[in-house]
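Chain residues, written in single-letter form:
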Amino acid sequence: MSIHDEKIIILDFGSQTTQLIARRIREQKVYSEIRPYTLPLNELKALKPTGIILSGGPASVYDDDAPISDPGLFELGIPVLGICYGAQLMMHQLGGRVEQAKSREFGKTQLRIEAAEGLFTGLEPDPAQHQVWMSHGDRIEEIAPGFSISATSDNSPCAALYHQDKPFSAVQFHPEVAHTHIGTDILKNFIFGICHCTPSWTMHSFIEKNVADIRKKVGNDKVICALSGGVDSSVVAAMVHRAIGDQLTCIYVNNGLMRTGESESVLRFFREKTDLQVIDVNAEPYFLGQLSGIADPEEKRKRIGYGFIKIFEEEAGKLGEVKYLAQGTLYPDVIESVVFRGKAPIKSHHNVGGLPERMHLDLIEPLRELFKDEVRELGLELGLPEEAIYRQPFPGPGLGIRIMGEITEERLAILRQADVIVLDEMKSSGWYRKVWQSFAVLLPIQTVGVMGDVRTYEHVIAIRSVDSRDAMTADWSQLPYDLLGRISTRIINEVRGVNRVVYDISSKPPSTIEWE
Ligand code: XMP
């Protein structure tokens, strides 16, 4: 059976937690995709969903411009689960009534299960055990014909509902968040009990299907891939290579801005453990020449990006006719998120942006359907080593955007030494995998210090460590003081030219993760 024979389609009404619903379902080995609520009914039908979930969202069903999906989806004979706004919309469209609640319900609430069936099959009807997470200003006042109440809370007499004859259910709370302790049980009851899915979405089946798809698409043509040393491009390369072997050539451009050993280990792995063809271009002198005397962050980024495209094109040109570019686009980059109140979703950085058009290449994006943690799982399944898979993200412009001001060989050397110490201490203390990213930044100032009995006037290193799920938002990591102390002492003692270390305690927004 193909892994896409069964799928749960989530219609997105703009909730912050829509992506979480997809993740929770995929954790149960059932494939799930997010689509905008505006998806036309015939396209929804063509996807042949096994079940449909209507997500939460910030709107009110009675707003003039409320997001409304085609009510024809209730005529398809497919199970539907409404969550929060999705529950209210279901009631609104099927003949119930939703109103602004007298008291809004935000945060943790106790749920009383009235009917331990459907979504609540197998759950104890014991209120003390069922903490759920609510976030709503409206509430369902009158349920639609044919529905019954299956759970209540203090502020929501209709906290969960089910239809007596049709496979429709609705919950006012959010089963996808960790604060809803029974959330996973509820989603499992929906996908397995109500939709009758089988847990067949595994990385193994994903590889099988994608290998077949890539082979079919590529035929006898040639594919190139920019290998950066990061997780995504390494996994893409391993995946495409599994499918078409030597028809794939990877190009690794050393732009002179890599951290010590950042990509060597991946290159070594591919050379020693696989027969992947990697062209290794040392463009360090070219990049450092282009960056000489440049201090403006945008200008630096532009020159690094342009240089990459130029060198990549030159190398690819030597390979004869190439038809495809394999690229590590991930699912969060492709979800057509709903845009509310004019706020566009933040886009991630594309290092090879513009390349496919310039070189007339078609794209192969085998990770398009995956979240970052699934990419890691896939990498492990493909046999990549753990140290490549759990490497922290590293930006395309590399250390170039971690040196404030001009990039010189001397300043690069200082930053590289400081950076190694940060990573070394993060790893030996067990913190490396607990945070999203941790690194050193070289500041464009010097400060006064005293070493021995001598006055010094030297560089300052800032340490940045953040916790994040997807880099869209981030918090500074609360690293233990003794760890910060060790990092500081070692940098000042071991890196010649540095006499001060500071810790960055800003979150994103309003700061960003990188300093430039
Ligand atoms: P910011 O600094 O925007 O970074 O908060 C968010 C995430 O993206 C990484 N980053 C980049 N990655 N090319 C990349 O491939 C870039 O130009 C780039 N700039 C930032 C950053 O390390 C963080 O993980």
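Since we're looking at a predicted model, the values are computed, not measured.

Caption draft 1: Region of interest: unusual backbone geometry. Of note, the amide linkage connecting K508 to P509 takes the cis form, showing an omega dihedral of -15°. A cis amide bond links P509 with the next residue in sequence, P510, at an omega value of 10°. By secondary structure assignment, the location of P510 is in the segment after β19 (498-503). Of note, K48 is a non-glycine position whose phi angle comes to about 50°, a positive value. Phi at H196 is positive, roughly 60°, even though this residue is not glycine. Summarising the element assignment, H196 is placed in the loop between α4 (183-194) and α5 (203-218).

Caption draft 2: A look at the sheet that holds strand β12 (residues 248-254). Pairing in this open sheet of 5 strands is parallel, and the strands run β13-β12-β11-β14-β15 from one edge to the other. Taken across any chain shown, the strands that pair with only one partner, and hence form the sheet edges, are β13 (277-282) and β15 (362-364). In this sheet, adjacent strand axes meet at a mean angle of 30° when their direction is disregarded. Here strand β11 (residues 223-226) pairs with strand β14 (residues 324-326) via 3 bridges, running parallel. The residue of β14 that forms the bridge with C225 is A326. Across the sheet, helix α6 (residues 231-244) touches β11, β12, β14 and β15, and the angle it forms with β11 is around 160°.

Caption draft 3: How the structure looks around the sheet that holds strand β8 (residues 147-152). Taken in spatial order, the 8 strands of this open sheet run β2-β1-β3-β4-β10-β9-β8-β6, and their pairing is mixed. Across the chains shown, the open sheet's two edge strands, defined by having one partner strand only, are β2 (31-36) and β6 (112-113). Direction of pairing for β8 relative to strand β9 (residues 160-163): antiparallel, over a ladder of 4 bridges. The partner of F147 across the bridge, within β9, is H163.

Caption draft 4: Fine view of the side chain of S477. By secondary structure assignment, the location of S477 is in the loop between β18 (475-476) and α15 (481-494). For S477, the side chain forms a polar contact with the side chain of S465, separated by 2.8 Å. Setting aside chain neighbours within four positions, we find S477 in contact with V435, S465, V466, D467 and Y503.

Caption draft 5: A look at the packing of helix α14 (residues 409-428) against α15. Between α14 and α15, the shortest axis-to-axis distance is 10 Å and the interhelical angle comes to 150°. Taken together, α14 and α15 sit at an angle that is classed as roughly antiparallel. Considering how the two elements wind past one another, α14 and α15 form a crossing that is right-handed. Side by side, α14 and α15 meet where Q417, A418, I421, V422, D424, E425 and M426 of the first sit next to L483, R486, I487, R490, I491 and E494 of the second. When grouped by side-chain class, the residues that make up the contact of α14 with α15 number 7 nonpolar, 1 polar and 5 charged.

Caption draft 6: Here's a closer look at α14. With 20 residues, α14 extends 28 Å between its outermost C-alpha atoms, agreeing within 8% with the 28 Å of an ideal straight helix rising 1.5 Å per residue. Among the residues of α14, those classed as buried are R411, L412, I414, L415, A418, D419, I421, V422, L423, E425 and M426. Lining the buried residues of α14 we find α8 (284-291), β16 (437-451), β17 (454-467), α15 and β19. In the stretch just after α14, G430 is the one whose phi turns positive, near 85°.

Caption draft 7: Region of interest: the domain arrangement of the chain. Segmenting the chain into domains produces domain 1 (7-194), domain 2 (203-389) and domain 3 (408-503). A C-alpha centroid distance of 46 Å is found between domain 1 and domain 3.

Caption draft 8: Up close: the site of the ligand. In the vicinity of the ligand there are 13 residues, among which R301, Q437, K508, I513 and E514 approach most closely. For the ligand, an oxygen atom lies 2.8 Å from a polar atom in the side chain of Q437. Between the ligand and I513 there is a distance of 2.7 Å, counted from an oxygen atom to a backbone nitrogen or oxygen. Burial of the ligand by the surrounding chains reaches 86%, relative to a free accessible area of 490 Å². Looking at side-chain class alone, the shell around the ligand contains 5 nonpolar, 5 polar and 3 charged residues. Looking at which domains feed residues into the shell around the ligand, each of domain 2 (203-389) and domain 3 (408-503) supplies at least three.

Definitions and limits used
- Residues numbered from 1 in each chain as written.
- Predicted model: local features only at pLDDT ≥ 70, side-chain atom pairs only at ≥ 80, totals over all residues.
- Heavy atoms only, no water.
- Helix = DSSP H or I, 4+ residues; strand = E, 2+ residues; numbered from the N terminus.
- Pairing = 2+ DSSP bridges.
- Axes fitted to C-alpha atoms, helices over the stretch in contact; angles between N-to-C directions.
- Contact = heavy atoms within 4.5 Å.
- Polar contact = N/O pair within 3.5 Å; in protein donor to acceptor, adjacent residues only side chain to side chain.
- Parallel < 35°, antiparallel > 145°, perpendicular 65-115°, else oblique.
- Left-handed = near helix turned anticlockwise from the far one by under 90°.
- Nonpolar A, V, L, I, M, F, W, Y, C, P; charged D, E, K, R; others polar.
- Expected span 1.5 Å × (residues − 1).
- Buried < 20%, exposed > 50% of the residue type's maximum accessible area, 1.4 Å probe, protein only.
- Domains from an automatic or database assignment.
- Near = heavy atom within 4 Å.
- Areas by Shrake-Rupley, 256 points an atom, 1.4 Å probe, with all protein chains shown as cover.

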